[in-house]
Amino acid sequence: MTKMPARTDLIADWRNWRSASAWAARFVGWAVETEGSSRSSALIRIGLAMLFWSRWAGELLLYMDRSPAGLFLAANFFVATALLFIGYHSRAAAVWAGAVGLAMYYYFGFQLGREPWTHHHTYLLAVAALLIALTPCGRSYSLDRYLAVMHAERMGGPPPAERGNLWGLRLIVVQLSVLYFFAAFDKSNHAFLSGARLEQIFLWYYAGSDYPAGLAWPATMASVAVVALEYCLALGLPFRRSRRFLVVPGLAFHAILYLTLPVYTFSATTALLYLAYFDTDAVDEVIARLHGTGPAPTARGEVS
């Protein structure tokens, strides 16, 4: 008779284990086993190439640094990003562009002292290019796609499917969530939450040495709101149920940063990478409607 509670606990433990095991299997399926449309990856690939140019092209024109190292860097930068943009050997081009970005961040930035190249937006661009190489980014909107279709027509077969494994997009989701979480964690201190840091930023860029009356309380409320939003974005954007409430505030947050602070391409890069959060077949359906071709078949695989 005294064994009944133990047996009940054992059954509960078994059910909990089965539930955890099922959740883990579902997570693995979402992370590394889901296939979907390649169009989201292709759009991110094209956008990243444009952001590389927007951030660095003006600084890497051939006459800017005519040293051997400068010319070598410029040649690699423009060839890699051009191939990334047109989508020729797309995944190799993404690795190439990402490696150039990391060289600029670590070697030219930290080792040679080009301080603007050491910022987190530089790192995010480079890592995003490396991660997009793990996606089927060349199977849509690319020269690779055009050549594959031409080859299929010559062989008398159907064009290759615009689909592939999405695990590279999942890694982008993890990267963004980690970025948001530690951005919020870094601000979770009295210096920021009190509003002092925002007051300092406002005085530096806008007010000069004249401290505006009534700035303290708005700065404090804005500081708390920023930290709360970043924690919510870190923990909520990967999930469909909470994402619908966070996408607009997240994009608005980055738009405000872009317009008010010298964050260069960071906000634009983050907004572009939001595509990784959305179901790729849902994005494909929207594109199909815009093209007037109707919805595409779906095979959704999101964490809910």
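Everything quoted here is computed from the prediction, not taken from an experiment.

Engineer: Explain the overall build of the chain to me, please; I cannot follow it from the model alone.
Structural biologist: The secondary structure content of the chain amounts to 13 helices and two strands. Per-residue burial over the chain gives 41% buried out of 304 residues. Partitioning the intrachain contacts of the chain with sequence separation of at least 6 by distance along the chain shows that 72% fall at a separation of at least 24. Summing over all exposed atoms, the chain offers an accessible surface of approximately 16900 Å²; the carbon and sulfur share of this is 68%. The chain carries 24 positive and 19 negative side-chain charges, and their two centres are separated by 7 Å.

Engineer: Which parts of the structure should I look at to understand the UniProt feature "domain: HTTM-like" (unreviewed entry) in the chain?
Structural biologist: Residues annotated in UniProt with the feature "domain: HTTM-like" (unreviewed entry) correspond here to residues 33–282. For residues 33–282, the end-to-end C-alpha separation is 18 Å, with 70% helix and 2% strand making up the annotated structure.

Engineer: Sorry, what's going on with helix H11 (residues 240–260) here?
Structural biologist: Since there are 3.6 residues in each turn of an α-helix, residues three or four apart along the chain are aligned in direction. The end-to-end C-alpha distance of H11 is 30 Å, a good match for the 30 Å that 21 residues give at a rise of 1.5 Å each. Most pronounced at Leu246, the bend in H11 amounts to some 45°, and the proline Pro249 follows within four residues. Residues of H11 that are buried: Arg243, Leu246, Val247, Gly250, Phe253, His254 and Leu257. Along its buried surface, H11 packs onto helix H7 (167–187), helix H10 (216–236) and helix H12 (266–273).

Engineer: I tried to follow the UniProt feature "transmembrane region" (unreviewed entry) in the chain on my own but got confused; where do I start?
Structural biologist: Here the UniProt feature "transmembrane region" (unreviewed entry) sits at residues 42–63, 69–86, 93–110, 122–143, 164–185, 215–239 and 251–277. Secondary structure content for residues 93–110 is 100% helix and 0% strand, while the C-alpha to C-alpha distance between its ends is 24 Å. A distance of 27 Å separates the end C-alpha atoms of residues 122–143, which is 55% helix and 0% strand.

Engineer: How should the environment of Gly70 be read in this particular structure?
Structural biologist: Among the structural elements, Gly70 can be located in helix H3 (residues 68–86). Residue Gly70 is classed as buried on the basis of its relative accessible area of 6%. When the C-alpha atoms of Gly70 and Ala57 are compared, they prove to be 13 Å apart, with 13 residues separating the residues in sequence.

Engineer: Got a minute to help me understand the side chain of Ser37 in this structure?
Structural biologist: Here Ser37 is to be found in strand S1 (residues 35–37). Assessed through its relative accessible area of 1%, Ser37 is described here as buried. Side-chain polar atoms of Ser37 contact the side chain of Asp284, separated by 2.7 Å. Residues contacting Ser37, with those up to four places away along its chain left out, are Glu162, Arg163, Leu166, Thr280, Asp281 and Asp284.

Engineer: Can you walk me through the packing of aromatic side chains in this structure?
Structural biologist: Aromatic rings in a pair are described by how distant their centres are and how their planes are angled relative to each other. This structure, assessed with the given rule, holds 16 aromatic pairs. On the numbers, 5.6 Å between centres and 70° between planes, the contact of Phe181 with Tyr231 is edge-to-face. Highlighted residues: Phe181 in helix H7 and Tyr231 in helix H10, separated in sequence by 50 residues. The exposure class of Tyr231 is partly exposed, given its relative accessible area of 24%. Consider the rings of Phe182 and Phe185, whose centres lie 6.3 Å apart with planes at 75°: the pair is edge-to-face.

Engineer: Looking at this structure, how should I read the domain arrangement of the chain?
Structural biologist: The accessible area lost on association of the parts is a frequent measure of interface size. Examined at the domain level, the chain breaks down into domain 1 (36–164) and domain 2 (177–278). At the junction of the two partners, domain 1 supplies 13 residues and domain 2 supplies 12 residues. Surface buried jointly by domain 1 and domain 2 totals about 1100 Å² across both partners, of which 84% is contributed by carbon and sulfur atoms. Taken together, the links from domain 1 to domain 2 amount to zero salt bridges. Linking domain 1 to domain 2 there are zero residue pairs in polar contact (both at pLDDT 80 or more). Secondary-structure elements contributing two or more residues to the side of domain 1 that touches domain 2 are helix H2 (39–56) and helix H5 (120–132). Per-element tally for the side of domain 1 that touches domain 2: the top contributor is H2, with eight residues.

Calculation rules
Residues numbered from 1 in each chain as written. Predicted model: local features only at pLDDT ≥ 70, side-chain atom pairs only at ≥ 80, totals over all residues. Heavy atoms only, no water. Helix = DSSP H or I, 4+ residues; strand = E, 2+ residues; numbered from the N terminus. Buried < 20%, exposed > 50% of the residue type's maximum accessible area, 1.4 Å probe, protein only. Contact = heavy atoms within 4.5 Å. Areas by Shrake-Rupley, 256 points an atom, 1.4 Å probe, with all protein chains shown as cover. Lys, Arg positive; Asp, Glu negative; His and termini not counted. Charge placed at Lys NZ, Arg CZ, Asp CG, Glu CD. UniProt positions renumbered as here; feature names shortened; annotations may be inferred. Expected span 1.5 Å × (residues − 1). Bend = angle between axes of the 7 residues up to and from the residue. Polar contact = N/O pair within 3.5 Å; in protein donor to acceptor, adjacent residues only side chain to side chain. Phe/Tyr/Trp six-rings, centres within 6.5 Å; stacked < 30°, edge-to-face > 60°. Domains from an automatic or database assignment. Buried area = accessible area lost by both parts, 1.4 Å probe. Salt bridge = Lys/Arg side-chain N within 4 Å of Asp/Glu carboxyl O.

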